[in-house]
There are 4 protein chains.
Amino acid sequence: MLKTKEQFIESLQRQKPEIYMFGETIEDRVNHPLLKPQVDVIGLTYELAHDSRYKEFTTAKSHLTGEMVNRFTHVNQSTDDLIKKVQMIRMYARQCCCIQRCMAMDALNALSIVTHDIDQKHGTNYYENFKNYLSHFQEEDISSTCAMTDVKGDRSLRPSEQADPDLYLRVVERRDDGVVVRGAKCHTTAAVPSNELIIMPTRALRDKDSDYAVSFAVPIDAEGLKLIARSVTPREKREIDSPFRSRWGVTETLTVFDDVFIPWDNVFMCGEWEFAGQAAELFAVYHRHSYCGCKPAVSDILMGTATLIADYNGIKNASHIRDKITDIICTAEQMYACGIAGSVRGKPQGPSTYAPDITMVNIGKYIAGTHIYEEIYRVHDIAGGFAITCPSEKDFKNPETRSFLEKYLKGRADISSLDRVKAFKLVEDLAAHGFAGWLMVASCHGGGSPEAQRITIYRGYDMDTREKIAKCLAGIDDFKNFPEFKP
Amino acid sequence: MLKTKEQFIESLQRQKPEIYMFGETIEDRVNHPLLKPQVDVIGLTYELAHDSRYKEFTTAKSHLTGEMVNRFTHVNQSTDDLIKKVQMIRMYARQCCCIQRCMAMDALNALSIVTHDIDQKHGTNYYENFKNYLSHFQEEDISSTCAMTDVKGDRSLRPSEQADPDLYLRVVERRDDGVVVRGAKCHTTAAVPSNELIIMPTRALRDKDSDYAVSFAVPIDAEGLKLIARSVTPREKREIDSPFRSRWGVTETLTVFDDVFIPWDNVFMCGEWEFAGQAAELFAVYHRHSYCGCKPAVSDILMGTATLIADYNGIKNASHIRDKITDIICTAEQMYACGIAGSVRGKPQGPSTYAPDITMVNIGKYIAGTHIYEEIYRVHDIAGGFAITCPSEKDFKNPETRSFLEKYLKGRADISSLDRVKAFKLVEDLAAHGFAGWLMVASCHGGGSPEAQRITIYRGYDMDTREKIAKCLAGIDDFKNFPEFKP
Amino acid sequence: MLKTKEQFIESLQRQKPEIYMFGETIEDRVNHPLLKPQVDVIGLTYELAHDSRYKEFTTAKSHLTGEMVNRFTHVNQSTDDLIKKVQMIRMYARQCCCIQRCMAMDALNALSIVTHDIDQKHGTNYYENFKNYLSHFQEEDISSTCAMTDVKGDRSLRPSEQADPDLYLRVVERRDDGVVVRGAKCHTTAAVPSNELIIMPTRALRDKDSDYAVSFAVPIDAEGLKLIARSVTPREKREIDSPFRSRWGVTETLTVFDDVFIPWDNVFMCGEWEFAGQAAELFAVYHRHSYCGCKPAVSDILMGTATLIADYNGIKNASHIRDKITDIICTAEQMYACGIAGSVRGKPQGPSTYAPDITMVNIGKYIAGTHIYEEIYRVHDIAGGFAITCPSEKDFKNPETRSFLEKYLKGRADISSLDRVKAFKLVEDLAAHGFAGWLMVASCHGGGSPEAQRITIYRGYDMDTREKIAKCLAGIDDFKNFPEFKP
Amino acid sequence: MLKTKEQFIESLQRQKPEIYMFGETIEDRVNHPLLKPQVDVIGLTYELAHDSRYKEFTTAKSHLTGEMVNRFTHVNQSTDDLIKKVQMIRMYARQCCCIQRCMAMDALNALSIVTHDIDQKHGTNYYENFKNYLSHFQEEDISSTCAMTDVKGDRSLRPSEQADPDLYLRVVERRDDGVVVRGAKCHTTAAVPSNELIIMPTRALRDKDSDYAVSFAVPIDAEGLKLIARSVTPREKREIDSPFRSRWGVTETLTVFDDVFIPWDNVFMCGEWEFAGQAAELFAVYHRHSYCGCKPAVSDILMGTATLIADYNGIKNASHIRDKITDIICTAEQMYACGIAGSVRGKPQGPSTYAPDITMVNIGKYIAGTHIYEEIYRVHDIAGGFAITCPSEKDFKNPETRSFLEKYLKGRADISSLDRVKAFKLVEDLAAHGFAGWLMVASCHGGGSPEAQRITIYRGYDMDTREKIAKCLAGIDDFKNFPEFKP
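(A) Region of the structure containing the environment of E406(D). Residue and element names in this part refer to chain D. With respect to the helices and strands, E406 occurs in helix α12 (residues 402-408). When the C-alpha positions of E406 and S416 are compared, they lie 8.2 Å apart, and in sequence the two are ten residues distant. Setting aside residues up to four positions removed in sequence, E406 forms contacts with F396 and S417.

(B) Local environment of the interface of chain A and chain C. Facing the 72 residues of chain A at the interface are 72 residues of chain C. Summed over both partners, the interface of chain A with chain C comes to about 6,700 Å²; 66% of that surface belongs to carbon and sulfur atoms. Between the two partners, chain A and chain C, sit ten salt bridges. Summed over the shared surface of chain A and chain C, the number is 14 residue pairs in polar contact (both at pLDDT 80 or more). Only α4 (79-96), α7 (276-313), α8 (319-344), α9 (358-383), α13 (417-431), α15 (450-459) and α16 (463-474) of chain A provide two or more residues apiece to the side of chain A that touches chain C. If one sorts the elements of the side of chain A that touches chain C by residue count, α8(A) sits on top with 16 residues. Here the side of chain A that touches chain C is built from residues that sort into 42 nonpolar, ten polar and 20 charged.

(C) Quick peek at the sheet that holds strand β8 (residues 196-199) of chain D. Residues and elements named next belong to chain D. Here four strands make up an open sheet; going across it, the order is β5-β8-β9-β12 and the pairing mixed. Where the open sheet ends on each side, the last strands, each with one partner, are β5 (144-147) and β12 (267-270). Neighbour-to-neighbour, the strand axes of the sheet open up by a mean angle of 20°, direction not taken into account. Looking at chain direction, strand β9 (residues 214-219) and β12 are connected through three bridges and run antiparallel. When the sheet's bridge partners are listed, S215 is paired in β12 with M269. Taken strand by strand, helix α6 (residues 126-139) contacts β5, β8, β9 and β12, and its axis lies near 150° from that of β12.

(D) Spotlight on the sheet that holds strand β10 (residues 225-231) of chain D. Residues and elements named next belong to chain D. Ordered by their spatial adjacency, six strands build an open sheet running β2-β1-β10-β11-β7-β6, and the pairing between neighbours is mixed. A strand with exactly one partner marks an edge of an open sheet, and here the two such strands are β2 (24-26) and β6 (170-174). Taken pair by pair, the neighbouring strands of this sheet meet at an average axis angle of 20°, ignoring direction. Examined bridge by bridge, strand β7 (residues 178-189) and strand β11 (residues 251-263) share nine bridges and lie antiparallel to one another. Bridge pairing in β11 places G183 opposite F257.

(E) Local environment of the domain arrangement of chain A. All names here are of chain A. Per the domain assignment, the segments making up chain A are domain 1 (5-278) and domain 2 (281-464). Distance from the C-alpha centre of domain 1 to the C-alpha centre of domain 2: 25 Å. Summing the contributions of domain 1 and of domain 2, the shared interface buries around 4,100 Å²; its carbon and sulfur component is 67%. Taken together, domain 1 and domain 2 are joined by six salt bridges. For D300, the salt bridge identified is with R94, shortest N-O distance 2.7 Å. Where domain 1 touches domain 2, the interface holds 22 residue pairs in polar contact (both at pLDDT 80 or more). Sort the elements by how many residues they give to the side of domain 1 that touches domain 2 and helix α5 (residues 102-122) lands first, with eleven residues. The residue makeup of the side of domain 1 that touches domain 2, split by class, is 24 nonpolar, twelve polar and ten charged.

(F) Structural view of the relation of the copies chain A and chain C. Of the transformation placing chain A onto chain C, the axial shift is 0.0 Å and the rotation is 180°, giving an RMSD of 0.0 Å. What the superposition gives is, in effect, a two-fold axis relating one chain to the other.

The rules we used
Residues numbered from 1 in each chain as written. Chains lettered and ligands numbered in written order. Predicted model: local features only at pLDDT ≥ 70, side-chain atom pairs only at ≥ 80, totals over all residues. Heavy atoms only, no water. Helix = DSSP H or I, 4+ residues; strand = E, 2+ residues; numbered from the N terminus. Contact = heavy atoms within 4.5 Å. Buried area = accessible area lost by both parts, 1.4 Å probe. Salt bridge = Lys/Arg side-chain N within 4 Å of Asp/Glu carboxyl O. Polar contact = N/O pair within 3.5 Å; in protein donor to acceptor, adjacent residues only side chain to side chain. Nonpolar A, V, L, I, M, F, W, Y, C, P; charged D, E, K, R; others polar. Pairing = 2+ DSSP bridges. Axes fitted to C-alpha atoms, helices over the stretch in contact; angles between N-to-C directions. Domains from an automatic or database assignment. Least-squares fit on C-alpha atoms with pLDDT ≥ 70 in both.

What follows is the structure in structure tokens.
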């Protein structure tokens, strides 16, 4: 089923999750002014699945049922699916920077491989659980996210070594009908507008840590599940100020599992510690692949904003402006190139599942996490001081000051002062206030930190072949032993 | 006279400037919760001038009177004065990032040279005006700032070519007793807590633009002077959240001159268009010299914050952490090196005035404007996601959520969760919210944009000597003509 | 026909081109010790076309005849052809850094489009000439290169404005049977081991410069054609020193056309000045696409060499070594990603011809030209001082010094001193001597300078869409007008 | 005594050192065509000590005798001495890139501190030895270098753990009259034109490695001392090609101590392992300080060369050219700023000795080692392909090719082709051939690798103060405990 946005919102309203934010208890997550803009982001994925211009990207044919489903519920079947996923994400993110519905999709793709691998080794039944869950997920067009990062406590210690054993999420009781879990996941984007959550382990584990090797799905209103949220939306809806955040929002939650019961049907891993690392890495591969779509879109928005300001200032075609914009283009398209090439070089892995190329998507995400700062710099550089010194919309409405603002904030004669101010306010909103912090930190740490990508890139690379090449060229080994090329 | 902080505040209270902010008219700039943190910043410069530990930096001997005056009112007399100025600024900025009182000092130093040069050519009396004004400024220990940047309208047009002739500040009437000026200066930092303003032209001018060649001093409560302000301080005072901005604040103003009368005694330039560029450049040189003191202090704060988080996470000595911190150290000390070397290479210019080396201080400011982004990146990189996902202090006070936050936001076992949260909140406040935007844009554009520094660096450099060296080495010119070294 | 290496060499021997180098006249280009290593590079492309492991990449099916031809003579028919081309080039370049046979292939692909476009407008017969020439080229498996860059004289002047009109190649006489051309092309790589040359215009032209709008093919031994060459091969063949350049060589020539006659059948453009820019740009697109294959291979060699040294020094797994190698991996695979994505996003252009995506391949080449310096740095950084201070192989053979070298140049106990020295000599040869200079400058300027890529990237980019996005997000335009996504 | 260049050369001729190079035994180091250019470099330091324009830098007043001595034999007495040293080195290096006489000076300054410190702890007599040696060194105006870097074998093992105990230089016999040493130092610059060598330990040592803690001076022709050299000078003297290396040369040697006897008077450390690290670090501090003078001069030469080419191509004032040159200026003056600021912040250390600031000079050297690659890039970028494709001077002399070269290598009409070619040849010589490799690797590794500088910078930095600042700003510690500023 392809839900409509209205059906999606109704589905949210049918659930009663326990949400706290800024000291309040949130009763109505759909209409709360700080949360509605996030519901609208997810809502977009329901709207555009019915838009004929985008159906090629936004929907896909389920390998389980043959029905057309929302691509956010789809397991990739080919390199073409992988390419379309990247394109879909760039399309959505051009509107809202972060479409927020990819985490669950990426987790499902990872589970499609890992559950099967565990079953192969342990004779368990996880892959069947997974397929059943996926059928339900596709049929109901579930809104979901993946809660992965544990709070971690002392970073120099492993899970079972922590002073408090709950600093990584763990199974505290195993029952006939299911398990009880305790702990907290942090940095969970988009739990608030979700119907369900998918939980994944956050790192490779040792045998002593087997209680921490747990993966499952859970409804957002399960008993004992508590979301402590933080939103980037400003408290007051604005007309001129904060134009981006007045439309689109994001929350992260500290997602607390205060002894939550999970029935066995919803469990995808429980104790098989040797697969925790694989699960975490596969999620990371899929999610870094997603970044190769959304981060170019962020660049699209940033370069468009910078160009708009330059245009309104009358210097759009100055060579130093073009030069700076070119830097942003290069960043955008390098990331996208990694997404496309990572898709083309994708390979089947596990049953009915395609995974993208590890090296390519890690490089794409690495660029995202390290270059966002230069992009922000370029936007600041082009926009100038009004990014932080432009008076507020209230001053525009104040009759004592309005005429002075209209007179003195004028740029090019043919552009109204108000439009120019709106452009500055967009710069401020995207690049010089709370959302900018979110954008930078999420680019840096979302999907794993740059350090994590570097380690993965080196570890997965065939360095032996390169060292053999050097030996042949140095005359240490015979040139006849030159290693064969694998494309 | 060295005023105390109390005397300074009283002096502010005796004036009634016209200030607007966020739609309101501000009646009490000293006690308004959004403005008091900025008054406290300037207040620091009055407090520490009486602190025996810092007197060497914070005070200086007036060349006019031989009295000890606040160094922020002093005209540099030697390379030693220039060094002490840089040190003073680093000292202050370690507390508050931007001490906000240097603009007026830098403008006065520039005027000490330019007024004399104009008099030499035109037989005017500006230098006398300047000295009298400086005596008053030192004696009264005036709080002031420099309003320089015009609003500029269409950037591709010169002042007199703009559709509205007021888009650069200009003289609209010349009277026997003084002049009347109209226009607006933007990005004026610290006008709100000032007693007076010093106005400088923003760029080199041509003869057609002579009405725009105007420099003067004006009391903050002069008739027709209007400040439309924007503050970075959050609306509510916090205990845990926003620790930096709850203590220290900054405002910028759109500073409107709605036909303001300036008596001749306060005028330092009026129509001598050929000196406008020199005035702007000299201010820039002194102000970029100031940046060589404050920006290393910002780095001190950022690296300290990042180290603190790493420490609380238990990974302070990890090699990748040390590596990233080292990058920030290098940035900090390169800027400081430019400040010190720029002072040592300073030269006397005009009567009783020393100016720092143009090349060095421009490079120092250029590093500041381009490297702040990498510094912010390193802080994010080390701090991790809690920089943007940490719940608010209100959730800490909410009994429904407090215990979960205390349990799950724990890092190293020997550090309280609350202290760790405070450290994350400092990261958020400095590097991932509104002040971060201010910090980045102010580093980039304050004292002129990186582009402006690059142009100044090239233009002021003796490239001929280098080209001659190359000719001698290539054998195009005889090696006997190798150019003499000037240290 | 797929020639063998022997047949290729015979074909060279049948021609008598006029070649000068280092003051000598070269009689035997096949066996001259400074030139043979370059003939061997081109020879490799004939050898491996018969190697079953690589036939998929090294050969292709001609769209003219349906026969299998060497891929270096092929016009791309699909995105798959474009991908295979990139893979082929990476395969070859892993052995020899620069396979040197791609220029002619890239020129032919460009001509396949341009000749047709000219005919469409002018009713000329160039496309027929082109197809006939291509049939001959494929059938004879011609070794060729493209001579494109004119010597250019004063760079601030256009061709016809130069003091000497011959500083760009031009038609000096038009006859019934053909044209006579005069001028010189510079930086021509691989003219020496070529059977024929393909000449292309170097830039966009105006109508006054129509004599300079000329493209044609010419045998290497045509009367009046003179090659003044420079080789990177060292004068003496070595066993330990210069291991790379003792195997593989490259020459560039100043290619002088001292009134050379070209029959009409070999002419592909003559006077149609408005197509000169297109021809130059299309060649650039194809050739920058080639760089996306060879430059990753150079990185393969450099990272392999650096790892080998680190291994022999006993520190291969040190974290800072892995970190530096990771930088080279990222550079390599970013360029390759641009090649793959640029192929996938390729489009049909003109009859029976596919062209890669302009933006992607320009970014790939741009990375190549700007990152080679960091790669060289990383190799130096890892290799240490012996890259430049290792005594020569003659000292190894001198009984007075041999034992000291064997004793003191020892690294890890299980590796012979001689092998370690060979590894250092490879570093020196690739990264710290004449070939390093070639490698850096050729990466930077080959296929056009980084500046040229930046201009092309900006000019070809759809910035309007991005600016519209910004307007919608700022609220300047209605969100309903959000521009449609084109993948 | 201030020797003349002639006296210096005579002093070299009176000694008979054992030198090998490229398989030969060198009999006459003064006149050998591959070595004379290096003797001329050192000779410059004797010539210009008599040049009245430079005496302020090139000479200094001995603190031992009060006589004027060559500054290269001087122990720094003040911050002014430190500044003058940096200026002297920049002056010399503008002519020859590397003046090669600073190593011994830097070693002597280090020994002036370390010998005294050892005596304080152990009651030894090394400082007296040192002072006597320094008197002789100043009086005889000795040409010397410091041999420091051991060959090191397996880098993962300490000296005494190596399979061969001689892979670090060590004392193999202690006698009444002196010690016998065995081992080899590598990368020794300028041993060939030296009268004596000063030997320093290369790293911190443990007690088991006490035999390796040895420092001494030794005449270049001591029995058992063997120099196996490698020169960058080309084999044939050129007129157009290699203009730089035809004038100035450099050699490094593998400096073998095949059981060399050192009398006690020349010994400065012998077994006091706990001071080896200090000695190595102090030498590094002084030598990195030297780099702050020579590397800006290399930048002077490179930017001059690039500007010259741009000038001859007619594009000197193009904005992208100025932009690239500006990057080189910034690098140059950042390094120089570190040298000047490192001098001003210098402190007395040990008796009668001033040492520069560790942080500043390490940053200066770090910039040198990491930015040379960007400087080379900029030179290539501006110079274009002729940096590697320009035919040789022999082709200019060949009547068959001369006229074509003169015609087609013409740039701006008013500049002769030959002068333009000379400029390209300078680019090739400095930036694209063997000397470029030397320049890059020597910038990177000379005075220690960038990694070494990073470690030193972090280790020597007062991070505690910064962490305390953060605690005060976060509200974790009381603001009253804000740490005091130390300038």
